[in-house]
Structures are given as C-alpha cells and as structure tokens.
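# Descriptive analysis of the structure
Read off the chains here:
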Amino acid sequence: MSFFEWFLDLHKSNPILAGAFVPLYMAAVGMAFALVADIVVRLMGVHLGDYKKEYDDLLDEPAQENKTV
Amino acid sequence: MMHMPMSGVEMAWWPLLLIGFTVGVVGGYFGLGGAWLVTPALNLFGFPMVYAVGTDMAHVAGKSVVSTFRHWKFGHVSVIIALTMLIGTMAGVEVGAQSLMFLNKKGLAGPVVRYIYMVLLFSMFFFMLKEYLQAKKVEKITGKEVKDLVGNKVSRWIQKNLDVWPVIYCKTARMRISVWALIFLGIFTGFVAGILGIGGGLLRVPALIYLVGVPTKIAVGTDLFEVMFSGAYGGFTYGAKGMVELLAASIMLCGAAVGAQFGTICTKYVYGITIRLVYAICCFFAFTSVVLKQVASGYVKVYEKGILQVLQAQGISNTKAKIMIQYPEQMQNYMLNVAHRPDWWQAFQTGYTINMIGCAVILTAACGVCSFIIYLLVVGIMKEKREKRQMDQAAKSGA
C-alpha cells in the first residue's frame, strides 16, 4: 500500500487525525526543502544572510511627511 | 498520468509541478499564499474545484515555511507584528466566513464576493501604479533614485493618535505601534479575507505598507509568516473534510519549494518600489479575470436553476448536482438528451468559455510575472558577483 493510499485510509478511519497530519507533513517536507535549497544556493555563491537594505538609513531618521529612499 | 487516490482523478504530474513552481516564485516575491492563482490554474487543467481549494491550502502550509525561512534570514520578518495581527485575523476570518454563509443563504454570495474583489483589486492596482509613477516623477526632478516609500499620512496618524496601551516596539521595522491598532487591522483584513474565501495575503501586504507603515520588504516577509499559520489551519480543516489531494499537494510543493527560493532571494536584489509595481500589474490581471467571471455568471443564471431541478429529479443530491454542473461532458448529456434544452447548453458553453479565458488570463500573467522575477534574480546575482570580483581585485591590487 502506498503512502497516499495509507493517508486515504487514515482519513476514512480518523478524519481529525488526517487533518492534523496534513499541515505537519507539509511543514516537515517544506522545511526539508528549505534546508536542502539553502545548501544548494550557498554552493552557487549567493550570500543568504542579512544585508544592507535600501530603507535602513531611512528608518533611523526622524519622522518626515513623505519618506522616500 | 497519475491516479489521485482521494478524488479519483487522473492527472499528469507536470502541470502540478509547473503551477507549484510559478506560485512559489510569485508568492515568495509578493508574500502571498497564491490561492487566487492556484485554484483557477488547477481548474483549468481539469482538477475538480472542490479539491482544488483544499489541495492549494495544504501546499501553502509547506511553501510558506520555505519562503518565511528565507525572508527571516534576510531580516524581512517582524514576528511581533505578525503574531499580534494574527489574533485579529483569526477573529476576523471567522466573522467573515459567517457573513459569507449568510450571503450564501440569501443567494448573494457570488456577486458580492466578485464586486468586493473587483473594487479591491482595481483600487490596489490604481493606487500602487499611481504611487510608482509619482516616485518616478520625483526621481526625474531630484535626480535621486527612489528605492522605496516608507509610511504615509494614514500610517503616521495611526502611530501617533492610536497610541493606546499596550504599545509594542518592532525592532525589524524600528517603529512603535499600539497592539490594538494591529489587532483591529487583523480583524479588518481577516473579515474581508473571510468573505472572499482567501488566505488574506493579498490584503495584508498593502495594509502593512499603507496602514502600519512598514517598508515593502518587511510587509512581504511579515505577511508570509502569517500565511504559514493560515495555511496550516486551512490544511487541517480541508484535510479533515477529505478535500485535500495529498499526492497533488506534494508534487506542487516540490515545484513551489524551488520557486519560493527564487522569488524570495529576488527580493534581496530589487527595491521595494519595484515589488509594488509588479504587485500592481498582478492586481490588474486578477481584476480582469474577476470581471470575466462576473460576465460568465450572467450565463450561469440562464440554466442553473433549471438544470439543478432536472438533476434532482434524476435522484442526484443537491451537493452532487452543484459539482456536476462544472463538467461540460455531463452537462451536454443532461441538457441536450434529458432536459432537451439546447439554449441551456449554448449558455453553458459561452459561460464556460469566458470562465476558461479568465483562468488563462491569470495563468498567463502569472507565467509572465514569474519569468520577469527570474530575470531580475539572474541580473541581481550577476551584479553581486561582479561587484564581489571587483572588490577582490581592488583588495589584491591594494595589497
């Protein structure tokens, strides 16, 4: 029996548990993809940390009527 | 072709992967869940509407984790604003959903939802485009490049005059704002999202920019953090109702995980004002798609009541009949051979064609925007590498 057929059976026997399983499974797979992609993109030489944003200087300034950077 | 165990539908894997990738790029760039794009796209490829919404919600639960993780590393996420707004959002969505049920009972849900959608999308398109053009005018006059616009009269009024205890300090956006202002905003955006039956990212990003006064990139990252929770909740409820096709959601997530990386990383290389311009263009195409849906609904009125009665007379339940009227093959049979109403069949065909054109408009626009974002990403990465090489060479020659 495949994993997706098992999920179908789980929904038939316990819909609430199947409902709870969906976001947990999706979040776990998403997180795994995020970590793998992090390594791949880093290997491509792209800097993935915090960086100097265009609005950084502006946020330190006192309030103005129309702030543009 | 793959067999989907929950819905029993046979579908190829590549459209799912492509839809996932496209919505991943666009969603990561704008900070949206992307229900407005996924549902018509799935429908266009023959995926039943009832499963399209649930499957989309499930994939959003995974995709938003990928996007939020990246935006958080870039410093675009304000956790305190997102969590505070989430309190109001949950309450607002519930009230909105109840209002939608009330409108549904009165038979007004369809047109009301579409008119709210049209007003919102056109306003966002008009306002953001106007703002972009004004910024370009300022650029010409001053000769200084406008990269982003932070705050306006409304957001500053909220920050100053709604200064009711407790007030929080947001380190990421370096601003102070009352918790009540954020909760109220969450209720408002949640309420409208509940009525429209969407996640709410489409409204929260402009609300964060124009009413809270955070920079565009922080609005995008903060919204995605909220989408993570709304997606998880949607995945749970639709999963419990048996409306999630887990196999399709998993394939979409594979594409979305890669696409979300591209879309999110691209925000590092573009200015906030560019994000707003592309957002405005997307709003315009979404507006066009909703207008076409409204036009198509005029044709639905011709046959809907009659064909539902015919189907019920055949012993088909009302719920099943409402699903059946979305399928042309079945409608051709019932309208021509059972009801003997060629005029219904003609109206059905016209309405169906207009609806499909609407879906194609939004899908084409999404593909175009997706390609543009990838182009911006490639240009950005190449520029960064060139600058790094030049700096290394300068350092070497200096040494």
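Attention here is on the structure that accompanies the text.

## Topic: the overall build of chain B
Counting its regular elements, chain B contains 14 helices and 5 strands. Taking 21 Å as the expected radius of gyration for a compact globule of 399 residues, we find that chain B reaches 23 Å, a close match to that expectation. For the C-alpha atoms alone, the extent of chain B along its principal axes is close to 85 × 50 × 45 Å. Put simply, of all contacts in chain B between residues at least 6 apart along the chain, 77% involve residues at least 24 apart. Charged side chains in chain B number 35 positive and 17 negative. The centres of these two groups are separated by 6 Å.

## Quick notes on the overall build of chain A
Along the backbone of chain A there are 3 helices and 1 strand. Helices (α) and strands (β) of chain A occur, in sequence order from the N terminus, as α-α-α-β. The buried share of chain A, taken over its 69 residues, is 39%. Of the roughly 4,000 Å² of accessible surface on chain A, a fraction of 67% belongs to carbon and sulfur atoms.

## Thoughts on the environment of B:Ser123
Residue and element names in this part refer to chain B. Within the fold, Ser123 resides in helix H5 (residues 109-142). Considered as a pair, Ser123 and Phe284 are 161 residues apart in the sequence and their alpha carbons are 9.4 Å apart. Within polar-contact distance, the side chain of Ser123 engages the backbone oxygen of Val119 at 2.5 Å.

## Here we look at a positive patch on the surface
A surface patch of positive charge is lined by B:Lys383, B:Lys385, B:Arg386, B:Lys388 and B:Arg389. A relative accessible area of 51% means that B:Arg389 is categorised as exposed.

## Examining the interface of chain A and chain B
Residue-level contacts link 47 residues of chain A with 54 residues of chain B. Note on chain A versus chain B: buried area summed over both sides is about 4,200 Å², and carbon and sulfur give 67% of it. Ranking the residues of chain A by area buried against chain B places A:Met26, A:Tyr51 and A:Glu54 at the top, with a combined share of 15%. Counting across the interface, chain A meets chain B through 2 salt bridges. A salt bridge links B:Lys73 to A:Asp38; the shortest N-O distance between them is 3.3 Å. Our enumeration of links across chain A and chain B arrives at 8 residue pairs in polar contact (both at pLDDT 80 or more). Considering every element that reaches the side of chain A that touches chain B, the biggest residue donor is helix H2 (residues 15-43) of chain A, with 20 residues. Class assignment for the residues of the side of chain A that touches chain B results in 29 nonpolar, 9 polar and 9 charged.

## What to know about the pattern of salt bridges
For the coordinates displayed, the defined rule picks out 10 salt bridges over all chains. Among the ionic pairs, B:Glu384 bridges to B:Lys268, the shortest N-O distance being 2.8 Å. With B:Glu384 in helix H14 (residues 342-398) and B:Lys268 in helix H10 (residues 246-269), this pair connects stretches of sequence that are 116 residues apart. Members of the salt-bridge network, linked through shared partners, are A:Asp38, A:Arg42, B:Arg70 and B:Lys73.

## Considerations on unusual backbone geometry
Residue and element names in this part refer to chain B. One non-glycine residue, Arg174, adopts positive backbone phi at about 45 degrees. Tracing the backbone shows Arg174 in the loop between strand E4 (167-170) and strand E5 (175-178). Judged by relative accessible area, Arg174 falls into the partly exposed class, the value being 28%. Unlike most non-glycine residues, His340 shows phi in positive territory, near 50 degrees. By the element assignment, His340 lies in the loop between helix H13 (328-338) and H14.

## Re the nonpolar core
All names here are of chain B. Grouped together as the largest cluster of nonpolar side chains are 105 residues, with contacts concentrated most on Phe30 and Trp36. Looking at which element gives the most residues to this core, the answer is H10, with 10 residues. If near-sequence neighbours (up to four positions away) are discounted, Phe30 is found in contact with Val205, Val220, Ile275, Val278, Tyr279, Cys282 and Val369. By size, the runner-up hydrophobic cluster in this structure holds 16 residues, among which are Leu311, Tyr334, Met335 and Ala347.

## Section: the packing of aromatic side chains
Using the criterion set out here, one finds 22 aromatic pairs over all chains in the structure. Between B:Phe125 and B:Phe284, the ring centres sit 5.0 Å apart and the planes meet at 45 degrees, which makes this aromatic pair tilted. One end of the pair, B:Phe125, is in helix H5; the other, B:Phe284, is in helix H11 (residues 272-313), and 159 residues separate them in sequence. The buried category is assigned to B:Phe125, whose relative accessible area is 16%. Pairwise contacts between aromatic rings join A:Phe3, A:Phe4, A:Trp6, A:Phe7, A:Phe21 and A:Tyr25 into one cluster. The side chain of B:Lys241 reaches across the aromatic face of B:Tyr238, ending 5.5 Å from its centre.

## Here's the deal with helix H1 (residues 3-13) of chain A
Within H1(A) the residues assigned to the buried category are A:Phe4, A:Phe7, A:Leu8, A:Leu10 and A:His11. Down the axis, H1(A) shows its buried residues gathered within 160 degrees of arc, on one side only. For H1(A), the exposed residues lying more than 90 degrees away from the buried face are A:Lys12 and A:Ser13. Buried residues along H1(A) sit against H2 of chain A together with helix H9 (216-240) and H10 of chain B.

What counts and how
Residues numbered from 1 in each chain as written. Chains lettered and ligands numbered in written order. Predicted model: local features only at pLDDT ≥ 70, side-chain atom pairs only at ≥ 80, totals over all residues. Heavy atoms only, no water. Helix = DSSP H or I, 4+ residues; strand = E, 2+ residues; numbered from the N terminus. Rg over C-alpha atoms; globule rule 2.2 N^0.38 Å. Contact = heavy atoms within 4.5 Å. Lys, Arg positive; Asp, Glu negative; His and termini not counted. Charge placed at Lys NZ, Arg CZ, Asp CG, Glu CD. Buried < 20%, exposed > 50% of the residue type's maximum accessible area, 1.4 Å probe, protein only. Areas by Shrake-Rupley, 256 points an atom, 1.4 Å probe, with all protein chains shown as cover. Polar contact = N/O pair within 3.5 Å; in protein donor to acceptor, adjacent residues only side chain to side chain. Patch = residues over 30% accessible without salt bridge, like charges linked within 9 Å, V, L, I, M, F, W, Y side chains within 5 Å. Salt bridge = Lys/Arg side-chain N within 4 Å of Asp/Glu carboxyl O. Buried area = accessible area lost by both parts, 1.4 Å probe. Nonpolar A, V, L, I, M, F, W, Y, C, P; charged D, E, K, R; others polar. Core = buried A, V, L, I, M, F, W, Y, C linked by side-chain atoms within 4.5 Å. Phe/Tyr/Trp six-rings, centres within 6.5 Å; stacked < 30°, edge-to-face > 60°. Lys NZ or Arg CZ within 6 Å of the ring centre and 35° of its normal. Arc of directions from axis to C-beta.

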